[in-house]
Amino acid sequence: MTKLTRGLLIGRMQPVHNGHIQIIKKTLESVDEIIIGVGSAQLSHTTKDPFTAGERIMMLNQSLVDEGIDNGKFYIIPMEDINMNAIWVAHVKSLTPPFTKVYSGNPLVQRLFYEEGYDVYAPPLFSREELSGTEVRNRMINDGDWKSLVPKATAKIIDEIDGIERIKHLSIKEISEI
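Predicted model, so just to flag it, every value in this text is computed and none were measured.

A.B. asks: Account for the overall build of the protein chain, naming residues and giving values.
C.D. replies: When its secondary structure is counted, the protein chain shows seven helices and five strands. When the helices and strands of the protein chain are listed from N to C terminus, the series reads β-α-β-α-β-α-β-α-β-α-α-α. For 178 residues, the compact-globule estimate of 2.2 N^0.38 gives 16 Å, and the protein chain sits close to it at 16 Å. Taking the principal axes of the C-alpha coordinates as reference, the protein chain spans close to 55 × 35 × 25 Å. Per-residue burial for the protein chain yields a buried fraction of 45% across its 178 residues. Look at the contacts in the protein chain between residues 6 or more apart in sequence, and 69% of them connect residues 24 or more apart. Accessible area for the protein chain stands at about 9600 Å²; split by element, carbon and sulfur atoms hold 51% of it.

Structure representation (structure tokens):
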């Protein structure tokens, strides 16, 4: 019996954009299965983190299915922050199936998993100037073309939950309190 290779990728996915999907597809070229950790799962309803973990999971799941990725190849798991770096890897391991490879562009995440003996890889970034959550959220707030940066499923879910109104309202509220 051949042992499966399973990788871990963690991101906030605020919201899921085309860069996330490209990274997941590229990662699946080097592992049999991928665990996608929806990071900072406890955060929502701010301009930096406007969407709930459940909304982000919906975006991811439907986007990956739309891309033709077999849902037996990925697990999507919400991961709350614990703000204790020394035990964070153990926390992540308690939430996930076993994995041997970690994919992250975050130096702290890389360091923490490296020190625990994991093979750590920095995934390639695709069109990072445009394909970033910050850029997508800024375009949403400023009536820019954000839909071209996200999968159709993400746009559909954001429309369904009135996400543009949410982030615009939050941005006004946060600005007026300064």
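A.B. asks: Pulling in residues and values, what's your account of the packing of helix α2 (residues 53-66) against helix α6 (residues 152-160)?
C.D. replies: At a minimum axis distance of 8 Å, the contact between α2 and α6 shows a crossing angle of 145°. The interaxial crossing formed by α2 with α6 has right-handed handedness. Along the contact surface, α2 presents E55, M58, M59, Q62, S63 and D66, while α6 presents A153, T154, I157, I158 and E160.

A.B. asks: If you had to explain the packing of helix α3 (residues 85-95) against helix α4 (residues 107-115) to someone new, which residues and values would you point to?
C.D. replies: Direction vectors running N to C along α3 and α4 enclose 75°, while the axes themselves pass 9 Å from each other. By the angle class used here, α3 and α4 are roughly perpendicular. From α3, N85, W88, V89 and V92 reach across to α4, where they touch L108, V109, L112 and F113.

A.B. asks: Which residues make up the side chain of R56, and what are the values?
C.D. replies: Looking at the secondary structure, you find R56 in helix α2. Salt bridges are absent for the buried R56, whose nearest opposite-charge side chain, D49, sits at 5.2 Å. At 3.2 Å, the side chain of R56 and the backbone oxygen of F51 are in polar contact. Once residues within four sequence positions are removed from consideration, R56 is found in contact with R12, M13, Q14, V16, V38, G39, S40, A41, L43 and F51.

A.B. asks: Let's hear about the packing of aromatic side chains: which residues, and what values?
C.D. replies: In this description, a pair of aromatic rings is defined by centroid distance and the angle of the planes. What the rule picks out here adds up to five aromatic pairs. Taking 5.6 Å as the distance between ring centres and 75° as the angle between the ring planes, the aromatic pair formed by W88 and F113 counts as edge-to-face. Of this pair, W88 sits in helix α3 while F113 is found in helix α4, placing the two residues 25 residues apart along the sequence. Like W88, the residue F113 is buried in the burial classification. An angle of 25° between the planes, with centres 4.9 Å apart, marks the rings of F99 and Y118 as stacked.

What counts, and where the lines are drawn
Residues numbered from 1 in each chain as written. Predicted model: local features only at pLDDT ≥ 70, side-chain atom pairs only at ≥ 80, totals over all residues. Heavy atoms only, no water. Helix = DSSP H or I, 4+ residues; strand = E, 2+ residues; numbered from the N terminus. Rg over C-alpha atoms; globule rule 2.2 N^0.38 Å. Buried < 20%, exposed > 50% of the residue type's maximum accessible area, 1.4 Å probe, protein only. Contact = heavy atoms within 4.5 Å. Areas by Shrake-Rupley, 256 points an atom, 1.4 Å probe, with all protein chains shown as cover. Axes fitted to C-alpha atoms, helices over the stretch in contact; angles between N-to-C directions. Left-handed = near helix turned anticlockwise from the far one by under 90°. Parallel < 35°, antiparallel > 145°, perpendicular 65-115°, else oblique. Lys, Arg positive; Asp, Glu negative; His and termini not counted. Salt bridge = Lys/Arg side-chain N within 4 Å of Asp/Glu carboxyl O. Polar contact = N/O pair within 3.5 Å; in protein donor to acceptor, adjacent residues only side chain to side chain. Phe/Tyr/Trp six-rings, centres within 6.5 Å; stacked < 30°, edge-to-face > 60°.

Any functional reading would require information that these geometric values do not contain.
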